[in-house]
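Chain and residue survey
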Amino acid sequence: MKEKLFVDMDGVLADLVKKALAQSEEMGIPVKDFLTQGKYRQTNFFLDLEPMEGAIEGFNALWDLDFYDIYILTKPSYEEVTSFTDKRIWIGKHLGEERMTDRLIMCADKGMVKGDYLIDDWEENKNFGGEFIHFGKEKYPDWPTVVKYFKEKKEWVLSAHAVGRIVGHYGYYLDEYKKNMTKV
């Protein structure tokens, strides 16, 4: 069974901050105020976000590993109901209609979702029950680093399974050898 890997949209796949910076500048307010005052809660705000640098390539690389069961896990803006539709359209446009639209989960509390990994930029989501991959921070600053981590994890797991099969196969002989060595 594949491990479940959840990927956040805003700040991981889609560049919310870039658009927030541009719009806050147009409004003449600091970007922090734009975000904390919920100015992004506007019709179609999420629809035309640009992908984060390397996000589409990185996501596709994880998908191509064919080792993880990958879902998009994003928090919609409940104050702006078009965010639900905007996010669904964005995912279809950038990650593929047929491949991802049935793998889109919108949830206010990501800690309620059960899985093995969550790639997210928002520290408040570290209450997720699996491993929290804090995107954009020192350990996982960008997509190439995240992809490298999951490729290495896959290789390690496959190696461990191979060693386990070998040991299991030869385990009987090793036990017999140990028994005979103690008789000498």
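Right above here is the structure, for reference.
Residues numbered from 1 in each chain as written. Predicted model: local features only at pLDDT ≥ 70, side-chain atom pairs only at ≥ 80, totals over all residues. Heavy atoms only, no water.

Here's the deal with the overall build of the protein
- Each helix and strand counted, the protein has six helices and five strands in total.
- Moving toward the C terminus, one meets the helices and strands of the protein in the order β-α-α-α-β-α-α-β-β-β-α.
- Out of the 184 residues belonging to the protein, those deemed buried represent 40%.
- Intrachain contacts of the protein at a sequence separation of at least 6 include 67% that bridge at least 24 residues. (Helix = DSSP H or I, 4+ residues; strand = E, 2+ residues; numbered from the N terminus. Buried < 20%, exposed > 50% of the residue type's maximum accessible area, 1.4 Å probe, protein only. Contact = heavy atoms within 4.5 Å.)

Some points on helix H3 (residues 55–64)
- Buried within H3 are the following residues: Ala55, Ile56, Gly58, Phe59 and Leu62. Buried residues in H3, looked at end-on, bunch into an arc of 165 degrees, giving them a common side. Across from the buried face of H3, at angles greater than 90 degrees, the exposed residues are Glu57 and Asp64.
- With its phi angle positive at about 50 degrees, aspartate 66 sits one or two positions after the end of H3. (Arc of directions from axis to C-beta.)

Notes on helix H4 (residues 82–95)
- With 14 residues, H4 extends 20 Å between its outermost C-alpha atoms, agreeing within 8% with the 20 Å of an ideal straight helix rising 1.5 Å per residue.
- Turning to H4, its buried residues number three or more, namely Ser83, Asp86, Lys87, Trp90, Ile91, Gly92 and Leu95.
- Where H4 is buried, its residues meet H3, strand E2 (68–74), helix H5 (97–100) and strand E3 (104–106).
- Where H4 terminates, the next one or two residues include glycine 96, which has phi positive at roughly 110 degrees. (Expected span 1.5 Å × (residues − 1).)

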